[in-house]
Amino acid sequence: MTQLLFISGSLRQDSSSTALLRALEQRIKSVPAVTDVTYADIGALPHYNADRAMNEEIRNLVDAIATADGVVIATPEYNFSIPGVLKNAIDWASRPAYQSVFKGKPVFVLSVSGGALGGVRAQGHLKYILNGMLAEVFPWQEIVVPAAPKKLIEGTFEDQAVLDFATEGLVAFLSRLNS
Ligand SMILES: Cc1cc2nc3c(=O)[nH]c(=O)nc-3n(C[C@H](O)[C@H](O)[C@H](O)COP(=O)(O)O)c2cc1C
């Protein structure tokens, strides 16, 4: 069974990033290679502090990344980059440098934004950060979701064209994991 860890860069209850991930989870349930999806909880992590020992939440995140065959991150764009809460989680999981659980970890990235560019700037930053940790960022066309909050109906992500495109990429990612 392929194990995927989904990470949303937004903590909002009505987050379009999280709704996008949940919709994709439904889509890939029908993929022949059975996939087990878990979600990281990055909201409870303390601020990164090198003087601080790992607590349970940090350990859970690091273990979840280590155990996953692949990580899927949906990030919103905040001020042209990724949200601090997502960077904080990545920083915790990034130690020791070049030897962390991200080293060699396949990662699939998507981005959302309130504006017209779909978070492409944040997505570029995230991929740059992941590359710096020696993660294996999946090479695919950028999956960007402009005006993302407007694509939710009663909390469910409903843009089928975006979901078709994102599912195609995710299925390719899954088949890479299984090859
Ligand atoms: C602090 C902050 C900064 C933002 N900066 C940008 C930005 O630079 N570009 C943009 O298109 N949208 C920006 N937005 C809008 C968010 O990308 C948009 O609200 C998105 O839906 C948030 O993701 P979520 O729905 O998963 O919570 C910003 C929102 C916040 C709260």
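The coordinates are above.
Just so we're clear, the structure is a prediction, and the values are computed from it rather than from any experiment. Numbering of residues starts from 1 in each chain and follows the order in which that chain's sequence is written. Selection of residues for local features in this predicted model requires a pLDDT of at least 70, selection of side-chain atom pairs for listing and counting requires 80 or more, and totals for whole chains, interfaces and linings are taken over all residues. Where side-chain values are given, they derive from all heavy atoms of the structure, hydrogens and water being excluded.

### Some words on the pattern of salt bridges
Then comes step 1: When a carboxyl oxygen of Asp or Glu lies within 4 Å of a side-chain nitrogen of Lys or Arg, that pair is called a salt bridge. This structure, assessed with the given rule, holds 6 salt bridges.
Then comes step 2: Between Asp63 and Arg59 there is a salt bridge, with its nearest N and O atoms 3.9 Å apart. A residue pair is termed a helical-turn pair when its members lie 3 or 4 positions apart in one helix, as Asp63 and Arg59 do in helix H2 (residues 56-67) at 4 residues.
Then comes step 3: Residues Lys127 and Glu142 are paired through a salt bridge, measuring 3.9 Å at the closest nitrogen-oxygen approach. Numbering of helices and strands starts at the N terminus; helices are DSSP runs of H or I of at least 4 residues and strands are runs of E of at least 2.

### Here we look at the nonpolar core
Then comes step 1: To qualify as a nonpolar core, a set must consist of buried Ala, Val, Leu, Ile, Met, Phe, Trp, Tyr and Cys residues joined through side-chain atoms within 4.5 Å. Three labels apply to residues, based on accessible area from a 1.4 Å probe with only protein chains included: buried if under 20% of the type maximum, exposed if over 50%, partly exposed otherwise in between. Counting residues in hydrophobic clusters, the biggest one holds 28 residues, and the most contacted among them are Leu20, Val72, Leu110 and Phe157.
Then comes step 2: Secondary structure elements with two or more residues in this core: strand S1 (2-8), helix H1 (16-28), strand S3 (70-76), strand S4 (106-112) and helix H5 (160-177).
Then comes step 3: Here this core gets 7 residues from one element, more than from any other, and that element is H5.
Then comes step 4: The contact criterion used throughout is that any non-hydrogen atoms of two residues lie within 4.5 Å. Ignoring anything within four residues of it in the chain, the contact list for Leu20 reads Leu110, Val112, Val145, Phe157, Val162 and Leu163.
Then comes step 5: Formed by 27 residues, the second largest nonpolar core is a distinct cluster that contains Ile90, Val107, Ala135 and Val137.

### Quick look at the site of the ligand
Then comes step 1: Neighbouring residues of the ligand: 16 residues in total, closest Ser10, Ser15, Ser16, Ser17 and Asn79.
Then comes step 2: Here an oxygen atom of the ligand and a side-chain polar atom of Ser113 are 3.3 Å apart.
Then comes step 3: For the area figures, the Shrake-Rupley method with a 1.4 Å probe applies, and any residue is considered shielded solely by the protein chains shown. In isolation the ligand exposes 630 Å². Once the protein is present, 72% of that is buried.
Then comes step 4: Amino acid classes used here: Ala, Val, Leu, Ile, Met, Phe, Trp, Tyr, Cys and Pro are nonpolar; Asp, Glu, Lys and Arg are charged; the rest, including Gly, are polar. The residue makeup of the shell around the ligand, split by class, is 5 nonpolar, 8 polar and 3 charged. The criterion for a residue being near a molecule or strand is simple. One of its heavy atoms has to lie within 4 Å of it. Throughout this description, a polar contact denotes any pair of N or O atoms lying within 3.5 Å of each other; where both atoms belong to protein, one of them has to be capable of donating a hydrogen while the other can accept it, and for residues adjacent in sequence the pair is counted only when both atoms sit in side chains.

### Quick word on helix H3 (residues 84-93)
Note on helix geometry: an α-helix contains 3.6 residues per turn, so any two residues three or four positions apart are oriented the same way.
Then comes step 1: What H3 keeps buried is the set Leu86, Asn88, Ala89, Ile90, Trp92 and Ala93.
Then comes step 2: In this structure, the buried side of H3 is in contact with S1, H2, S3 and helix H4 (120-132).

### Observations regarding the environment of Gly70
Then comes step 1: Looking at the element boundaries, Gly70 is found in strand S3.
Then comes step 2: Each C-alpha atom of the pair Gly70 and Gly169 lies 13 Å from the other, and the pair is 99 residues apart in sequence.
Then comes step 3: With near-sequence residues (within four places) excluded, Gly70 lies in contact with Gln3, Leu4, Leu5, Pro106, Phe173 and Leu177.

### So, empty space enclosed by the protein
Then comes step 1: Think of a 1 Å grid over the protein atoms and nothing else: a 1.4 Å probe that fits but is trapped marks a cavity, an open set flanked by protein within 12 Å on at least five of seven lines marks a pocket, and residues with an atom within 4 Å of a point count as lining. Grid points are joined across faces, edges and corners, and a volume is the space filled by probe spheres set on the points. In the structure shown here, the tally under the stated rule is 1 cavity of 30 Å³ or more.
Then comes step 2: Of the volumes computed, that of the largest cavity is approximately 50 Å³.

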